[in-house]
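# Inside the fold
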Amino acid sequence: MDWQRMLTLAAGELIAPQTAAFALAAIGLNVHFGFTGLLNMGHAGFMLLGAYGFAISTIAGAPFWLAFLVAIVAAILFALILGIPTLKLRGDYLAIVTISAAEIIRLLGRSTLFTDLTGASSGLRGNTYKATFQALSPLPDGTTAIGPFEYGNNLSNGWWVRIAAWALVLLAVLVVYLLVRSPWGRVLRGIREDEDAVRALGKSVYAYKMQALVLGGVLGALGGVVYVLPTSVQPDAMGRAMTFFVWTVLLLGGAATIFGPILGAMIFFVALSVVRTSMRELLPSDIFGPAQIEPLSGILIGVFLMLLVIFRPQGIMGDKKELTFHVR
Amino acid sequence: MSADPTAAPSGPGSPAMASPSTALVGLDPRPGVPKPDPILVVDDVERRFGGLTAVDVEHLEVQRGVITALIGPNGAGKTTLFNLVTGFDRPSSGSWTFDGRSMSNVNAAKTSRAGMVRTFQLTKALSRMTVLDNMRLGARDQPGENMLAALARPLWRRREQEITAKADELLVRFKLDHLRDEFAGSLSGGQRKLLEMARALMSDPVMVMLDEPMAGVNPALTQSLLGHVQALRDEGMTVLFVEHDMHMVRHISDWVVVMAEGRVVAEGPPEGVMADPAVIDAYLGAHHDTDLGDDALLADEVIEQLEHEAQVEEEEHHGKQS
Ligand SMILES: Nc1ncnc2c1ncn2[C@@H]1O[C@H](COP(=O)(O)OP(=O)(O)OP(=O)(O)O)[C@@H](O)[C@H]1O
Ligand SMILES: [Mg+2]
C-alpha cells in the first residue's frame, strides 16, 4: 500500500474546494443551529439553490457578480418562504419543513419540467458556467507546487478556485465572528435558550430568527456555489446525504464556535479520504468494488456522527458549559 | 405601613414608611373600584382552558406609581392573568389598556417595549449565558442589536459600556456581583429569581410585573430588595407583584388585589383586605373567623397550621361528596 500517496491525497483535502464549500455551508448551519437553535434539516436545499442560481444565470449570460447575487437572492427568498410560516411555531416544525423543502428543490431540479434550465437529472456541466469565474483569475497560466500540493493555476480544480473559496470562507468567518460577539449575537443566544425570556425583554424574536435563517441560508448558498465551481451541478449529489455531511462537519468541529466549522470540514474530508483509500487498498476488491465503498463510507460517517453526539456533543472546539444540546 | 391615617393600625414592629399611595386613601375597597390614575385597566377578560375558566376578571384597575400586590390561593389565575396582559397568552374574550393604549392584540415583545416588563414564576434565567450577558440582554436602545450595526463595533461600544455599568450596579444591589462572569446555569434557584428580577429592571420599565419574586430568596436579602422595590416606586415605577408571602405583601404593598377561582374577589389596602371575610374564605375555607392581617397569624407556623386545617377540611369535604 502506497502510504505516501494516501497521505498526499488526504492532505490535499485540507485545502480542497470541496472542503471550503462544506466549511462555508457549516458556518451557515452554525448561524442557524449553533447560535440561534434553529433546526435546519435541509441545508443542502440552500446549497443546491445557490448552485442553480449561479449556474443558470451565468448560462443565461449574466456576468460573474450578477450571478453571484442571484445565488444570494435565491437563498434569501427560500429562507423567507421557509421562515414565514414556521418560525412562529415550535422548532420542530422548521426541521420538518426544511427537510421537505430541500427535497422539493432537488426533485424540481432533476424533473424534466425545467430541462432547458436545469438539465434535469444529468445536471449542468461545469464548462457551461465556469468561464466568468475563471476570467477573474489574476494568476498566470501554468502549474504551481507548494509543498505536497501541486495544481494548475487556472484549471477548473486548481489554485484559483482554492484561493477564492478559502478567501470567501475567511470572510464568512469574519462576518460571523463580528456578529456573534455583538449584542445582535447575544439576542440570538438568548433565543436559542428560551424564546419567551427574550420576548419578555422586548426583543422581536421572530425577526431575529428570520435574520439568522436568511444569513445562514445565504452562506449555505455560497457554499453551494463553491461546491459546483470545480465540478458540475448534480441535483442528486446535493440531497439529504449532503445535509447530513454538513451536520457532521458542524458537530465535529463544535457548534456555536467560530472556527469549528472549518476545523470540522478539514478533519471530515481528510478522514473520509483516508478511510476510502485504505478501504480500497485493504479490502478484497472482488467483494468491495467502488460501488460498495461509497455506501460503506456513508455508513461509517453515520456511525461516527452518532458516536460524536453521544460522547463529545460539544465537538472538538466547543465549550461543554455552552452546549447547544441539552446535556448535563 | 402606608401613610393612610384611616387604615387599620399596623401591628407592632411594622415599620412606618412614607408612601405615595395617598392617592388611594379613602378609596372604596371593593373589587373593580376605579382608581384616580390607573395605568393598567382590564375589562371583562376571560380565559378558558377547555371547561376550566382560569381567569374571569370583570374590571380591574392598577394605580400608577404604587406597589400593588396580587394574591390568591394556588390556581386562582394570577399567573394566567399576567400571561394575558403581557401578551404571552390570548384571552377567550376581553380587552385591556396600558397607559391609555389598547394592548389586547399586542404581542409580548411589543408589550414589553411599551414599558410593561414581567418576570416568570418559573424562572427563565438563560443558563448558558453568563450572568452579565443575561443582564445586558435586558437593556434597551442598544444599536448593536441591529444586524447591520452589529458589524461595526464603534456604533455600539459606548452604549455597551453604559449598559454594562448599569448591569454591574444592579448586580451589586442584588448581591450577584461575585457571580458576574459565571454561567447563569450554575446559579441556585433563589439567585436565578434575583437575576431575573434584576434583568427586568435593566430596561427601566414603566411598570414591572413580578410573579413570586421572592420565592426561595433568603429573608435578609428579601428585606433589602423590598427596600429597593420601594425606592423604584418612589422614583415613579409602578409595581405589580404576585406573592404568597404575607409578610412581604403587608410590608411593601400599597394596595392588594385578591383573586380566587379566576375572579377578583377583594381589593383594598393591605390591612383591610386581610380582614375581609371573602379573602379569608378564599384562602382558608369558610369556617375561619380569623384575620389574615393579624400579626400573630403572620408567623409562618400559624399560617402553615391554618393551611393544614383548611386542607384537612377540604379533604373531608371532598370525602363527603364522593
Ligand atoms: N396552559 C394551561 N392549560 C390548562 N390549564 C391551565 C393552563 N395554565 C393554567 N391553567 C389552569 O388555570 C388555573 C390558574 O392557573 P394559574 O397558574 O394562573 O394560577 P396561579 O394563581 O398563578 O397559581 P399559583 O399561586 O399556584 O402560581 C389553574 O387551575 C391551572 O390548572
Ligand atoms: Mg402562579
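Residues numbered from 1 in each chain as written. Chains lettered and ligands numbered in written order. Predicted model: local features only at pLDDT ≥ 70, side-chain atom pairs only at ≥ 80, totals over all residues.

- An unreviewed UniProt entry lists chain A under the name Branched-chain amino acid ABC transporter permease, with Actinotalea soli as the source organism.
- Per UniProt, chain A has the following entry under Subcellular location (unreviewed entry): "Cell membrane". (UniProt positions renumbered as here; feature names shortened; annotations may be inferred.)

### Describing the overall build of chain A
- The number of helices and strands found in chain A is 14 helices and 2 strands.
- At 20 Å, chain A has a C-alpha radius of gyration in line with the 20 Å of a compact globule built from 328 residues.
- Counting every position in chain A, which comprises 328 residues, the buried fraction comes to 47%.
- A fraction of 74% describes how many contacts in chain A between residues 6 or more apart in sequence connect residues 24 or more apart. (Helix = DSSP H or I, 4+ residues; strand = E, 2+ residues; numbered from the N terminus. Rg over C-alpha atoms; globule rule 2.2 N^0.38 Å. Buried ≥ 20, exposed ≤ 12 C-beta atoms within 10 Å, placed from the backbone. Contact = placed C-beta atoms within 7 Å.)

### With respect to the overall build of chain B
- Each helix and strand in chain B was counted, giving 11 helices and 10 strands.
- In chain B, which comprises 322 residues, the share counted as buried stands at 44%.
- Contacts spanning at least 24 positions in sequence make up 64% of the contacts within chain B whose residues lie at least 6 apart.

### Comments concerning the interface of chain A and chain B
- Contacts between chain A and chain B engage 24 residues on the former and 28 residues on the latter.
- The set of elements that each furnish at least two residues to the side of chain A that touches chain B consists of helix 8 (159–180), helix 9 (183–193), helix 10 (195–200) and helix 11 (205–228) of chain A.
- No other element matches the 7 residues that helix 9 of chain A contributes to the side of chain A that touches chain B.

### Observations concerning the sheet that holds strand 2 (residues 52–63) of chain B
Residue and element names in this part refer to chain B.
- Spatial ordering of the open sheet is given by 2-1-4-5, a layout of 4 strands whose pairing is antiparallel. Each having just a single partner strand, strand 2 and strand 5 (101–102) make up the two edges of the open sheet.
- Where strand 1 (residues 38–49) and strand 4 (residues 93–98) come together, 5 bridges link them in antiparallel fashion. By the bridge assignment, Asp43 is partnered in strand 4 with Ser95. (Pairing = 2+ DSSP bridges.)

### Details of the sheet that holds strand 9 (residues 255–260) of chain B
Residue and element names in this part refer to chain B.
- Spatial strand order, 6-7-8-3-9-10: 6 strands in an open sheet with mixed pairing. Two strands close off the open sheet at either side, each with one partner strand: strand 6 (116–118) and strand 10 (263–268). Across the sheet, the mean angle from the axis of one strand to that of its neighbour is 20°, orientation sign disregarded.
- As paired strands, strand 7 (residues 207–211) and strand 8 (residues 238–242) are joined by 5 bridges and run parallel to one another. Each bridged residue has a counterpart across the sheet, and for Met209 the counterpart in strand 8 is Leu240. (Axes fitted to C-alpha atoms, helices over the stretch in contact; angles between N-to-C directions.)

### A short note on the nonpolar core
- The biggest cluster of nonpolar side chains holds 172 residues, and the ones touching the most others in it are Leu24 and Ala51 of chain A.
- When residues in this core are grouped by element, the largest group, 14 residues, is from helix 11 of chain A.
- Summarising the domain contributions, this core has at least three residues from each of domain 1 (30–125 + 204–270) and domain 2 (126–186) of chain B.
- Setting aside its immediate chain neighbours within four residues, Ala51 of chain A contacts Gly224, Val225, Tyr227, Val228, Val233 and Met238 of chain A. (Core = buried A, V, L, I, M, F, W, Y, C linked by C-beta atoms within 7 Å. Domains from an automatic or database assignment.)

### Describing helix 5 (residues 157–173) of chain B
Residues and elements named next belong to chain B.
- Between the first and last C-alpha of helix 5 there are 24 Å, a value that for 17 residues agrees with the 24 Å anticipated at 1.5 Å per step.
- Looking at helix 5, one finds that the buried residues are Ile163, Ala167, Leu170 and Leu171. Across the axial projection of helix 5, the buried residues extend over an arc of 100°, all falling on one side. Structural note: helix 5 exposes Arg157, Arg158, Gln161, Glu162 and Ala165 on the side pointing more than 90 degrees away from its buried face.
- Against the buried residues of helix 5 lie helix 3 (131–137) and helix 6 (189–201).
- Note on helix 5: the residue one or two positions beyond its end, Lys175, has a positive phi of about 55°. (Expected span 1.5 Å × (residues − 1). Arc of directions from axis to C-beta.)

### Notes on the site of ligand 1
Residues and elements named next belong to chain B.
- Residues in contact with ligand 1, as listed here, are Phe49, Leu52, Ala54, Gly72, Asn74, Gly75, Ala76, Gly77, Lys78, Thr79, Thr80 and Gln121.
- Sorting the residues of the shell around ligand 1 by element identifies strand 2 and helix 1 (78–85) as the ones contributing at least two each.
- Per-element accounting of the shell around ligand 1 gives the leading share, 3 residues, to helix 1.
- Across the shell around ligand 1, the residue classes break down as 4 nonpolar, 7 polar and 1 charged. (Near = placed C-beta within 6 Å. Nonpolar A, V, L, I, M, F, W, Y, C, P; charged D, E, K, R; others polar.)

### Some details on the packing of helix 4 (residues 64–86) of chain A against helix 11 of chain A
Residues and elements named next belong to chain A.
- Between helix 4 and helix 11, the least distance of the axes is 8 Å, while the angle of their chain directions is 140°. Taken together, the axes of helix 4 and helix 11 are oblique relative to one another. When the axes of helix 4 and helix 11 are compared, the crossing they make is right-handed. Packed against helix 4, whose contacting residues are Ala71, Ile72, Ala74, Ala75, Ile76, Phe78, Ala79, Leu82 and Gly83, the element helix 11 presents Lys209, Met210, Leu213, Val214, Gly217, Val218, Gly220, Ala221, Leu222 and Val225 at the interface.
- Residue composition of the contact of helix 4 with helix 11, by class: 15 nonpolar, 3 polar and 1 charged. (Parallel < 35°, antiparallel > 145°, perpendicular 65-115°, else oblique. Left-handed = near helix turned anticlockwise from the far one by under 90°.)

### Let's talk about the environment of Ile316 of chain A
Residue and element names in this part refer to chain A.
- Along the polypeptide, Ile316 turns up in the segment after helix 14 (290–311).
- Under the C-beta neighbour-count criterion, Ile316 is labelled partly exposed, with 16 such atoms within 10 Å.
- In this structure the C-alpha to C-alpha distance between Ile316 and Gly264, which are 52 residues apart in sequence, comes to 8.0 Å.
- Excluding residues within four positions of it along the chain, Ile316 makes contact with Leu252, Gly253, Gly254, Gly260 and Leu263.

### Notes on unusual backbone geometry
All names here are of chain B.
- Positive phi, normally seen in glycine, also occurs at Asp99, with a value near 55°.
- When you line up the elements, Asp99 lands in the loop between strand 4 and strand 5.
- The residue Asp141 is not glycine, and still its phi comes out positive at about 55°.
- Among the structural elements, Asp141 can be located in the loop between helix 3 and helix 4 (147–150).

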